[in-house]
Amino acid sequence: MNIQDRIPARSPASRKSEFAARIGIGGPVGSGKTALIEALIPLFHQRGVELAVITNDLVTKEDARRVQASGLIDPERVVAVEAGACPHTVIREDPTLNIAAADDLAAKFPELDLILIESGGDNLASTFSLDLVDWWMFVIDVAQGDDIPRKRGPGTLQCDLLVINKLDLAPHVQVDATSILAEASAIRGEKATIGCVCRGAAERKGLEEIVDLICDQVLFFGAENTA
């Protein structure tokens, strides 16, 4: 069953669905996945999107506790999965734990539009099983080096959206932000690439564009309701 089957097209006045869309957020340790989620939550709320969050860590619930304590979302809507192994195992090889967590959230909160599933920090080969998510993004940051797009890792190439985070740090790590964005866009072809600043800067960047893309490609909020 693909995402179009699960979520009928609907107008902003009729957003609720029997099924919540599931979006994966992957990327290396420290790339800013949790910070990105925290920055996106208020923007989704402004658009009336009902959401929940699943975090993945190796042996702790640290990221879930951070989001629960943020005051941005009902703590009951944030759950943790402890992978107990390489992070990609529970989002790709056997995503059973995450599927069960998402199913439990959807049953507990039937009004949900969206469930964000954050992977534990992983390498450039990390990808999401489409049995788990309908659409997924991969987060890298400029401080990890301007050669990441050229390495053509599966995460970078296969994701629906590549987010290049921490653009404000580029001058401090000798990275040309314009060049890395252009190179990533060229390598990915028609797939979306968005540069982002989600915390620590006077002006945040890219967040509205990310929400716009998700609302358009995943939630179909801009579509006419033909159901």
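Residues numbered from 1 in each chain as written. Predicted model: local features only at pLDDT ≥ 70, side-chain atom pairs only at ≥ 80, totals over all residues. Heavy atoms only, no water.

A.B. asks: With reference to specific residues and values, describe the sheet that holds strand β2 (residues 51-57).
C.D. replies: Taking strand neighbours across the sheet as the criterion, the seven strands line up as β3-β2-β4-β1-β5-β6-β7 in an open arrangement whose pairing is parallel. Looking at strand neighbours, the two that pair on one side only are β3 (78-82) and β7 (192-195), the edges of this open sheet. Across the sheet, the mean angle separating the axes of adjacent strands is 20 degrees when strand polarity is ignored. Here strand β6 (residues 161-165) runs beside β7; their pairing, made up of four bridges, is parallel. Across the sheet, the residue bridging to Val-163 is Ile-194, located in β7. (Pairing = 2+ DSSP bridges. Helix = DSSP H or I, 4+ residues; strand = E, 2+ residues; numbered from the N terminus. Axes fitted to C-alpha atoms, helices over the stretch in contact; angles between N-to-C directions.)

A.B. asks: How would you summarise the nonpolar core if you had to cite specific residues and measurements?
C.D. replies: In this structure, Ile-23, Leu-114, Met-137, Leu-161, Ile-210 and Ile-214 are the most contacted members of the largest nonpolar core, which totals 38 residues. Non-local contacts of Ile-214, meaning those with residues more than four positions away in its chain, are made with Ile-23, Phe-44, Leu-114, Trp-135, Met-137 and Leu-219. Core analysis: the next-biggest nonpolar cluster, separate from the first, contains 29 residues, Ala-20, Ala-52, Trp-136 and Ala-184 among them. (Core = buried A, V, L, I, M, F, W, Y, C linked by side-chain atoms within 4.5 Å. Buried < 20%, exposed > 50% of the residue type's maximum accessible area, 1.4 Å probe, protein only. Contact = heavy atoms within 4.5 Å.)

A.B. asks: Help me get a handle on the environment of Leu-130, residues and values and all.
C.D. replies: Mapped onto the elements, Leu-130 comes out in the loop between β4 (114-118) and β5 (135-141). Looking at Leu-130, the relative accessible area reads 62%, which means it is exposed. Distance in space between the C-alpha atoms of Leu-130 and Ile-23 is 10.0 Å, their sequence separation being 107 residues.

A.B. asks: I'd like a rundown of the pattern of salt bridges, residues and numbers included.
C.D. replies: Any two side chains of opposite charge can pair if their charged atoms end up close together. One pass over the structure, following the stated rule, counts 11 salt bridges. Arg-77 is the salt-bridge partner of Glu-111, the closest N and O atoms lying 2.7 Å from each other. Here Glu-111 is found in the loop between α4 (96-108) and β4, whereas its partner Arg-77 is found in the loop between α3 (62-68) and β3, with 34 residues between them in sequence. We classify Glu-111 as partly exposed; its relative accessible area is 28%. Given a relative accessible area of 11%, Arg-77 falls into the buried group. Note that Asp-147 is salt-bridged to Lys-151, the shortest N-O span being 3.6 Å. Judged by its relative accessible area of 26%, Asp-147 falls in the partly exposed class. Beyond isolated ion pairs, a larger network of salt bridges with shared partners links Arg-47, Glu-208 and Asp-212. (Salt bridge = Lys/Arg side-chain N within 4 Å of Asp/Glu carboxyl O.)

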